[in-house]
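Here are the chains, one letter per residue:
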Amino acid sequence: MKISIAHLYPKLLNLYGDIGNIITLKKRCEWRGIEVEFEEINIGDKITSHDLYFIGGGQDKQQEDVAHELYKNKEFLLSERDLGAVFLGICGGYQLFGHYYQPHDKEKLLGISLLDAYTVAGKKRFIGNVTAKTDIVEPNTLVGFENHSGLTYIQGETTPLAYVETGHGNNGKDKTEGARYKNVFGTYLHGSFLPKNPHFADFLIELALFRRYGRKFPLEQLNDGFENKAHEVLVGKSY
Ligand code: GLN
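Residues numbered from 1 in each chain as written. Predicted model: local features only at pLDDT ≥ 70, side-chain atom pairs only at ≥ 80, totals over all residues. Heavy atoms only, no water.

Chemist: Quick question: what am I supposed to make of the overall build of the chain here?
Modeler: Along the backbone of the chain there are six helices and 12 strands. Relative to a compact globule of 239 residues, whose C-alpha radius of gyration would be 18 Å, the chain shows 16 Å and is just as compact. Dimensions of the chain along its principal axes, counting C-alpha atoms only, are 50 × 40 × 30 Å. Here the contacts in the chain between residues at least 6 apart in sequence split such that 70% fall between residues at least 24 apart. Carbon and sulfur atoms make up 53% of the accessible area of the chain, which totals about 10,200 Å². Looking at the chain, you have 28 positive and 31 negative side-chain charges, and the mean spots of the two groups are 2 Å apart. (Helix = DSSP H or I, 4+ residues; strand = E, 2+ residues; numbered from the N terminus. Rg over C-alpha atoms; globule rule 2.2 N^0.38 Å. Contact = heavy atoms within 4.5 Å. Areas by Shrake-Rupley, 256 points an atom, 1.4 Å probe, with all protein chains shown as cover. Lys, Arg positive; Asp, Glu negative; His and termini not counted. Charge placed at Lys NZ, Arg CZ, Asp CG, Glu CD.)

Structure representation (C-alpha cells):
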C-alpha cells in the first residue's frame, strides 16, 4: 500500500515546526509498511495530483507570497477536493483554504475556497495552549498551540473541526476551532499538531488510503505511549 503526500510551500509556510506534521505522517505510514511518495512544492512548481496535501503556517508576508501562487492552482485543487483528496492546513495555510484573508492595512489575500470561510486580522494576537473537543476522532480531544491575529468565520456546509475548551480557536467568540468540508481540514493548532494528536494523524492516513484505493483500511495500532503522554499533558492546559 502507498499514499502520495505533497507539502505545499514549506520554505515559506513552516512556522513553529509545522514540518513535524509531515514527519508524523511519514513515520506513522513507515511503521505500518505503507509507502509514502513525497513531494515538496515550492514557488514556481506545478502542483500535481496527490492523496494528501499539507500546508503550514506563516507570517503575513510569507502568506502573501504563497497566496498568489496558490491561487493559480485554485481550480485544480478544488477538483482534487471534490475527488476526495485530503488537505490539512495549519493557521496561515488554513486561512488560505478559505475565500480570503484580510491582513492589517494590506491588500486582501484571495484564498482557494476549499472551505466556505473567511479571515480578517483582529486587533489582538491569540497566543497560548488550546484544548478542543471534536466528534471526528476518539479520544475526542485535540491539543496544540495557537498564535494568530486572524479571526476566521466559517459558514455554509463547512463545519467546525472542534470546539475550544481552553484557548480562543477560530475567532475567540463562537467557540469553534478549525474547519472541515469534505476531506479538507484546517486548524489553528501548531505545536506541531499531529505529533501530539496521533489519532488525528491516523484518521488522515485512513482517508488518504480511501482516496487512493476506494476502500477503508483499518490501521494497525501503534505503541503511542509517548504521543499519548504528550497529548494528555496538554489537555486542559491553559497558557
Ligand atoms: N499571519 C496569520 C495571523 O497572524 C497566520 C499566523 C500563523 O500562521 N501562525 O493570523
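Chemist: I would appreciate a short explanation of helix H2 (residues 60-71) in the present structure.
Modeler: Helical geometry note: an α-helix holds 3.6 residues per turn, so side chains three or four residues apart project in the same direction. A rise of 1.5 Å per residue sets the reference length of H2, with its 12 residues, at 16 Å; its end C-alpha atoms lie 16 Å apart and thus fit the reference within 8%. Where H2 is concerned, the buried positions are Gln63, Glu64, Val66, Ala67, Glu69 and Leu70. Buried residues along H2 sit against strand E1 (2-8), strand E3 (52-55), helix H3 (74-82), helix H4 (92-96), strand E5 (100-102) and strand E6 (109-110). (Expected span 1.5 Å × (residues − 1). Buried < 20%, exposed > 50% of the residue type's maximum accessible area, 1.4 Å probe, protein only.)

Chemist: What is the right way to look at the layout of surface pockets in this model?
Modeler: A probe matching the size of a water molecule, rolled over the atoms, marks out where space remains unfilled. Approximately 320 Å³ is the volume found for the largest pocket. Looking at the largest pocket, it is lined by 19 residues, and the ones nearest its centre are Pro198, His199, Asp202, Phe203 and Glu206. When residues of the lining of the largest pocket are traced back to their parent elements, those giving at least two are helix H5 (198-213) and helix H6 (225-234). When grouped by side-chain class, the residues that make up the lining of the largest pocket number seven nonpolar, four polar and eight charged. (1 Å grid on protein atoms, 1.4 Å probe; cavity = no way out; pocket = protein on both sides within 12 Å on 5 of 7 lines; lining within 4 Å. Points joined across faces, edges and corners; volume = space filled by probe spheres on them. Nonpolar A, V, L, I, M, F, W, Y, C, P; charged D, E, K, R; others polar.)

Chemist: How should the nonpolar core be read in this particular structure?
Modeler: Among soluble globular proteins, nonpolar side chains are generally buried collectively. Counting residues in hydrophobic clusters, the biggest one holds 64 residues, and the most contacted among them are Leu70, Phe185, Phe200 and Leu204. With near-sequence residues (within four places) excluded, leucine 70 lies in contact with Leu8, Tyr9, Ile55, Leu77, Leu96 and Ile112. (Core = buried A, V, L, I, M, F, W, Y, C linked by side-chain atoms within 4.5 Å.)

Chemist: I would appreciate a short explanation of the packing of aromatic side chains in the present structure.
Modeler: Working definition: an aromatic ring pair is given by the centre-to-centre distance plus the angle between the planes. Tallied over the entire structure, the rule returns 11 aromatic pairs. Ring centres of phenylalanine 193 and phenylalanine 200 lie 5.5 Å apart, and the angle between their planes is 55°; on these two criteria the pair is classed as tilted. Between tyrosine 213 and phenylalanine 217 the ring centres are 5.5 Å apart and the planes differ by 75°, which places this aromatic pair in the edge-to-face class. Exposure remark for tyrosine 213: the relative accessible area of 37% places this residue in the partly exposed category. Aromatic ring contacts, followed pair by pair, group Phe185, Phe193, Phe200 and Phe203 into a single cluster. (Phe/Tyr/Trp six-rings, centres within 6.5 Å; stacked < 30°, edge-to-face > 60°.)

Chemist: So what exactly am I meant to see when it comes to the side chain of serine 4 here?
Modeler: Relative to the helices and strands, serine 4 is located in strand E1. Overall, serine 4 belongs to the buried group, its relative accessible area being 4%.

Chemist: Mind showing me how you'd approach the site of the ligand here?
Modeler: Neighbouring the ligand are 16 residues, the closest being Gly58, Asp60, Gln63, Cys91 and Gly150. Between the ligand and aspartate 60 there is a distance of 2.6 Å, counted from a nitrogen atom to a side-chain nitrogen or oxygen. One of the backbone N or O atoms of glycine 92 is found 3.0 Å from an oxygen atom in the ligand. Coverage of the ligand by the protein amounts to 99% of the 300 Å² it exposes when considered alone. Breaking the shell around the ligand down by element, the ones donating at least two residues are H2, H4 and strand E8 (141-154). Broken down by element, the residue count for the shell around the ligand peaks at four residues, all from E8. The residue makeup of the shell around the ligand, split by class, is three nonpolar, 11 polar and two charged. (Near = heavy atom within 4 Å. Polar contact = N/O pair within 3.5 Å; in protein donor to acceptor, adjacent residues only side chain to side chain.)

Chemist: Help me understand the sheet that holds E3, please; the structure alone is not making it clear to me.
Modeler: One key point about sheets: their strands pair by backbone hydrogen bonds, in either a parallel or an antiparallel sense. Strand order in the open sheet made by the six strands is E2-E1-E3-E4-E12-E11, with mixed pairing throughout. Bordering the open sheet on either side are strand E2 (35-41) and strand E11 (179-181), each of which pairs with just one other strand. Taking each pair of neighbouring strands and ignoring which way they run, the sheet shows an average axis angle of 15°. Strand direction decides the pairing type here: E1 and E3, joined by four bridges, are parallel. (Pairing = 2+ DSSP bridges. Axes fitted to C-alpha atoms, helices over the stretch in contact; angles between N-to-C directions.)

Chemist: Mind showing me how you'd approach the pattern of salt bridges here?
Modeler: The final tally for this structure, using the stated rule, is 16 salt bridges. Taking the shortest distance from any N to any O, the salt bridge between lysine 2 and glutamate 37 comes out at 2.7 Å. Placement of lysine 2 in strand E1 and of glutamate 37 in strand E2 is noted, with a sequence separation of 35 residues between them. Given a relative accessible area of 24%, lysine 2 falls into the partly exposed group. (Salt bridge = Lys/Arg side-chain N within 4 Å of Asp/Glu carboxyl O.)

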